[in-house]
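Observations on the three-dimensional arrangement
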Amino acid sequence: MATELTASTPVRPDVAPIQRRTLRLLFGTQIVGGIGVTIGISVGALLAARVAGTALAGVAQSASVVGGALLAIPVTRIMNGHGRRPGLAVAYLAGAVGAVLVVLATVTGFVPLLFLGMLFFGGGTAANLQARYTAVDLAEPARRGRQLSLIVWATTIGAVAAPNFADLADHATTGWGLPPLAGPFAFSAVAFVLAAGVLLALLRPDPLLTARRLATPAAPVAAGAAPEFTPPADATSAPAGTARRGAGMRAAWRVVRGLPAARLGIVAVAVGHTVMVAVMSMTPVRLGESHGDADVLRVVGIVLSLHIAGMYALSPVVGWLTDRLGRRAVILVGVALLLAACAVAGTAGHHTPRLSIGLVLLGLGWSGTMVAGSTLLSESVPAAVRPSVQGFSDLTMGLAGAVAAAVSGFVMRAAGYPVLTLLAAVATVPLVALALRPVPAGAPDEEE
């Protein structure tokens, strides 16, 4: 018998059309947002290395990750009080501002402006990540994994092609007087503004506010919830007031601390992202060691396209497996793929095809931990604090990834790429230990 959190329940007829419309809209904006994020990330390390030096290339990349993490706090506050629509739009607009600042930094050579721009550029990533949670606000319990993964997969269409557009964008903007590698960020700004405008105009009714309005006051709370958090009877019917009073990051931490399943979800997302960022962020620099300026962008575009295909292309399959096999099992499969990726990429030397295989495995491992971890987290917490817990997860994930990106540049310079992949593999140990712990009775990721 399935648990009350995963059991299939009938969908209200007035909710089903809203959910279908929300999924279609998110699917389209994820394509545009994916282009904006990936076209900038694909050249971010190279641009930072030229403007600030190789050692600081990782720091510049980490600034983007930190920005995405820190922006989760104000974006979560906006969503708690006013819904998903304004929160997503603000995140995308922050990313557009950051892209413009990166272009200005490239033109002027002013390194602090580059770091500030990369910080705000993380808003695009924050919006893309929060969109996956928006997809499950009104989803059936038995289809949460698949619908969340559908939005993750939508990023594939734009993100896989985006690195290959970097060279085209670079050449297209040389006539504007922009220096090399600045053009892709100009295109990112346009993509982010477009995504924000579409969401502001069309994401109506807001799925989060609708879910709160339709939820029953006596919605079940996952076993083991922290006793100090008891949502009021009208928590779901008064989203603006209730969310502002008791759904900040502290409340999110108190809830997560008392829920083993939520803790596993957060750790799975954070560790998977940390390993992926550490290895991926220095891969363009690794490729730059064996390819000249004439073809490095083309090679980087191909390798990163394959990596991003691994991240997103099979996410619907990952979501289906998450619903069929359980969240914990898919998390462990994701960890195994991350370890295989580190082994293959770390031993590839300057053999680009082998390195590409490692990056594909890296993307697949990230997909497993991200989809299964996010689904487990979303269904394990009370509705009144769900956006805050989701924001807390993105904050944790972003900060962990930022540390990995910052350290990766120094490790790359001091010890090389193979040592970097080895350290990334070691980082999975805490997740394995947590995932292999005995499952409490009635845990939401298992069947009774």
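Residues numbered from 1 in each chain as written. Predicted model: local features only at pLDDT ≥ 70, side-chain atom pairs only at ≥ 80, totals over all residues. Heavy atoms only, no water.

Time to look at the overall build of the protein. Along the backbone of the protein there are 17 helices and 0 strands. Counting every position in the protein, which comprises 448 residues, the buried fraction comes to 57%. Partitioning the contacts of the protein with sequence separation of at least 6, the portion at a separation of at least 24 is 85%. With an accessible surface of roughly 16,600 Å², the protein has 69% of that area assigned to carbon and sulfur atoms. (Helix = DSSP H or I, 4+ residues; strand = E, 2+ residues; numbered from the N terminus. Buried < 20%, exposed > 50% of the residue type's maximum accessible area, 1.4 Å probe, protein only. Contact = heavy atoms within 4.5 Å. Areas by Shrake-Rupley, 256 points an atom, 1.4 Å probe, with all protein chains shown as cover.)

The next point concerns the pattern of salt bridges. Enumeration according to the criterion identifies 6 salt bridges in this entry. Close ionic contact of Asp394 with Arg132 constitutes a salt bridge, the shortest N to O distance being 3.2 Å. Linking Asp394 in helix 15 (residues 386-414) with Arg132 in helix 4 (residues 111-134), this pair joins segments that are 262 residues apart in sequence. On the accessibility criterion, Arg132 (2% relative accessible area) is buried. Between Glu379 and Arg327 there is a salt bridge, and its shortest N-O distance comes to 2.7 Å. One end of the pair, Glu379, is in helix 14 (residues 352-379); the other, Arg327, is in helix 13 (residues 327-346), with 52 residues separating them in the sequence. (Salt bridge = Lys/Arg side-chain N within 4 Å of Asp/Glu carboxyl O.)

In this section: the environment of Val267. By the secondary structure assignment, Val267 is in helix 10 (residues 260-288). With 165 residues separating them in the primary sequence, Val267 and Val432 have C-alpha atoms 9.9 Å apart. With near-sequence residues (within four places) excluded, Val267 lies in contact with Leu431 and Leu434.

This paragraph deals with the side chain of Thr210. The topology assignment puts Thr210 in helix 7 (residues 207-214). Among all residues touching Thr210, those that are not within four sequence positions of it are Ile18, Leu138 and Pro205.

Across the interface, helix 15 lies against helix 16 (residues 417-426) with an axial gap of 7 Å and an inter-helix angle of 140°. For the element pair helix 15 / helix 16, the angle class is oblique. Note on element contacts: helix 16 touches helix 15 through Tyr417, Val419, Leu420 and Leu423, opposite Ser408, Val411 and Met412. When its residues are assigned to classes, the contact of helix 15 with helix 16 shows 6 nonpolar, 1 polar and no charged. (Axes fitted to C-alpha atoms, helices over the stretch in contact; angles between N-to-C directions. Parallel < 35°, antiparallel > 145°, perpendicular 65-115°, else oblique. Nonpolar A, V, L, I, M, F, W, Y, C, P; charged D, E, K, R; others polar.)

As a further point, take the nonpolar core. Counting residues in hydrophobic clusters, the biggest one holds 56 residues, and the most contacted among them are Leu362 and Tyr417. Mapped onto this core, the elements with two or more residues apiece are helix 5 (144-172), helix 10, helix 11 (296-312), helix 13, helix 14, helix 15, helix 16 and helix 17 (429-435). With 13 residues, the single largest contributor to this core is helix 10. Residues contacting Tyr417, with those up to four places away along its chain left out, are Val279, Met282, Thr283, Arg286, Ala345, Leu355, Leu359 and Met412. One finds Ile39, Val75, Ala96 and Met118 within the second-largest nonpolar core, a separate group that totals 48 residues. (Core = buried A, V, L, I, M, F, W, Y, C linked by side-chain atoms within 4.5 Å.)

Glancing now at helix 10. Look at helix 10: 43 Å from first C-alpha to last across 29 residues, which is about the 42 Å you get at 1.5 Å a residue. Its maximal kink placed at Met282, helix 10 deviates by approximately 30°, while the proline Pro284 follows within four residues. (Expected span 1.5 Å × (residues − 1). Bend = angle between axes of the 7 residues up to and from the residue.)

We now examine a nonpolar patch on the surface. Together, Val97, Leu116 and Phe120 make up a nonpolar patch on the protein surface, roughly 230 Å² of accessible area in all. In this fold, Leu116 is placed in helix 4. (Patch = residues over 30% accessible without salt bridge, like charges linked within 9 Å, V, L, I, M, F, W, Y side chains within 5 Å.)

So, on to the packing of helix 3 (residues 84-108) against helix 6 (residues 183-202). Helix 6 packs onto helix 3 with a crossing angle of 165° between their chain directions and a minimal axis gap of 8 Å. As the angle between them shows, helix 3 and helix 6 are arranged roughly antiparallel. Where helix 3 crosses over helix 6, the handedness of that crossing is left-handed. Only Phe185, Ala186, Ser188, Ala189, Phe192, Val193, Ala195, Ala196, Leu199 and Leu200 of helix 6 make contact with helix 3, whose side of the interface consists of Arg85, Pro86, Leu88, Ala89, Tyr92, Leu93, Gly95, Ala96, Ala99, Val100, Val102 and Val103. When its residues are assigned to classes, the contact of helix 3 with helix 6 shows 19 nonpolar, 2 polar and 1 charged. (Left-handed = near helix turned anticlockwise from the far one by under 90°.)

Throughout the structure, instances matching the rule amount to 6 aromatic pairs. With 5.6 Å between their ring centres and 45° between their planes, Phe27 and Trp153 make a pair best called tilted. Separated by 126 residues along the polypeptide, Phe27 in helix 1 (residues 16-52) and Trp153 in helix 5 bring together distant segments of the chain. Among the residues examined, Trp153 registers a relative accessible area of 26% and is labelled partly exposed. Between Trp253 and Phe392, the ring centres sit 6.1 Å apart and the planes meet at 45°, which makes this aromatic pair tilted. Residue Trp253 is found in helix 9 (residues 249-257), and its partner Phe392 is found in helix 15; the two are separated by 139 residues along the sequence. In this structure Trp253 comes out as partly exposed when scored by relative accessible area, which is 40%. (Phe/Tyr/Trp six-rings, centres within 6.5 Å; stacked < 30°, edge-to-face > 60°.)

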